[in-house]
Amino acid sequence: MFALGGMAAPLRRIAGEAYAADQPVIQGKDKLIVRSDRPLNLEMPIGLMDSWVTPAHLHYVRNHYDVPAINEADWRLRVDGMVERPLALALDDLKRLPSAEEVVTLECAGNGRSFFDPKVPGAQWQRGAVGTARYKGARLADVLQRAGISPAGRHVLLDGADQPPVPTAPDFVRSIPIEKAMAPGTLLAYEMNGEPLPAVHGFPLRAIVPGWIGSANVKWLARVAVVEQPHDGHFMVKWYRFPRSPVPPGEKVDPKDMEVVTELDVKSVIAQPGDGAQVSAGSVRVAGAAWAGEAEIERVDVSTDFGRTWQPARLGADRARYAWRLWEIDWAVRKRGAYLLMSRATDSRGRTQPIAPFWNPSGYLWNVIDHVRVHVA
């Protein structure tokens, strides 16, 4: 078990053990909130959400198992299954293919889980299991076309090099439909923000499945396989599933009555001021971010009077199809007292954040209207 006393030293030790010899040590992860130390799960404090691209050392970390130690010289990506030409690709082979870049917001499906009532098991994320980075890699479509896809192949299995701690635990394997695998934005990424992937973010290669929940973006990729049916493993048929229709809070749901969680929903969060903050009367900057999976953010509205009235926020100039939009509004406040600030995003499909959550037994896709309480002195 990794020690938690003073996070900078343990995180350097984790990086030193898990990186290949030529990988740098990750700096700055001591600023993140530890949700679990083994496997390592780290949340970005929401107040650090102040840039369109999240620095790698501030990006949240979601692992199901320990970070694997991978030697780049020995590593190969297997491409097999229902293909005409199975492949074993070194990292240099992938780098010789045409490269593509995507700025993508990744969010854990369980982000916001701690707010559900009644409580649900799992990492008790609040609002910071989300981040946006610039990824570079080969298009998955180019690799699959090079292998030659069988007409019967309708799904693509993604398997990472991380290993369960005991033989009875399930391997972490996910699959995506062939249409998503062949989409131009779906990458086999080897860079994050212009640098080789850090170990905790998937070195040497990870899938980037833009607009979909974080678990679809499998890290430490070791195998890609074309298959006929969706993968039937634990992390597809028991986890990362959502009720097809609303259920009463606290009620158990048969996995057969659920469907696989895929795309992120529309969502906004308030990063500044923080919940419980004290601010001075005058002009107060209220700011945050909003994202919508495969859709685009059309608007963010902000209320500073407990939801009685709403004003449109200014959207940031930086934008990409699968990335969040930063937003801000200047709040002119004259009276002292307690206030409730709220943010509500609307996307290009007309989806708007709800006022109440869609309760589900795994605590996925929390996206209710965000709010923070502040005191004006």
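Reading the values: the criteria
- Residues numbered from 1 in each chain as written.
- Predicted model: local features only at pLDDT ≥ 70, side-chain atom pairs only at ≥ 80, totals over all residues.
- Heavy atoms only, no water.
- Helix = DSSP H or I, 4+ residues; strand = E, 2+ residues; numbered from the N terminus.
- Rg over C-alpha atoms; globule rule 2.2 N^0.38 Å.
- Contact = heavy atoms within 4.5 Å.
- Areas by Shrake-Rupley, 256 points an atom, 1.4 Å probe, with all protein chains shown as cover.
- Lys, Arg positive; Asp, Glu negative; His and termini not counted.
- Charge placed at Lys NZ, Arg CZ, Asp CG, Glu CD.
- Pairing = 2+ DSSP bridges.

Undergrad: Tell me about the overall build of the chain, residues and numbers included.
TA: A count of helices and strands for the chain gives five helices and 23 strands. Radius of gyration (C-alpha) of the chain: 21 Å, near the 21 Å computed for a compact globule of 377 residues. By sequence separation, contacts in the chain at least 24 residues apart represent 72% of the contacts at least 6 residues apart. When the accessible surface of the chain is split by element, carbon and sulfur atoms take 51% of a total near 16,300 Å². Computing the positive centroid from 45 side-chain charges and the negative centroid from 43, the chain places the two 4 Å apart.

Undergrad: Now, about the sheet that holds strand E23 (residues 370–376): what can you tell me, with residues and values included?
TA: One open sheet holds the five strands; their spatial order is E16-E23-E22-E18-E19, and the pairing between them is mixed. Of all strands in the sheet, those bounded by a partner on one side alone are strand E16 (278–279) and strand E19 (311–312). Direction of pairing for strand E18 (residues 297–303) relative to strand E22 (residues 337–347): antiparallel, over a ladder of six bridges. When the bridges of E22 are listed, Val300 appears paired with Ala345.

Undergrad: Can you break down the sheet that holds strand E21 (residues 325–333) residue by residue, with the values?
TA: One open sheet accounts for four strands, arranged E15-E17-E21-E20; its pairing is antiparallel. In this open sheet, the two strands that pair with only one neighbour each are strand E15 (267–272) and strand E20 (314–315). As judged from the five bridges shared by E15 and strand E17 (residues 282–291), these two strands associate in the antiparallel manner. Residue Gln272 lies in a different strand from E17, and its bridge partner there is Ala287.

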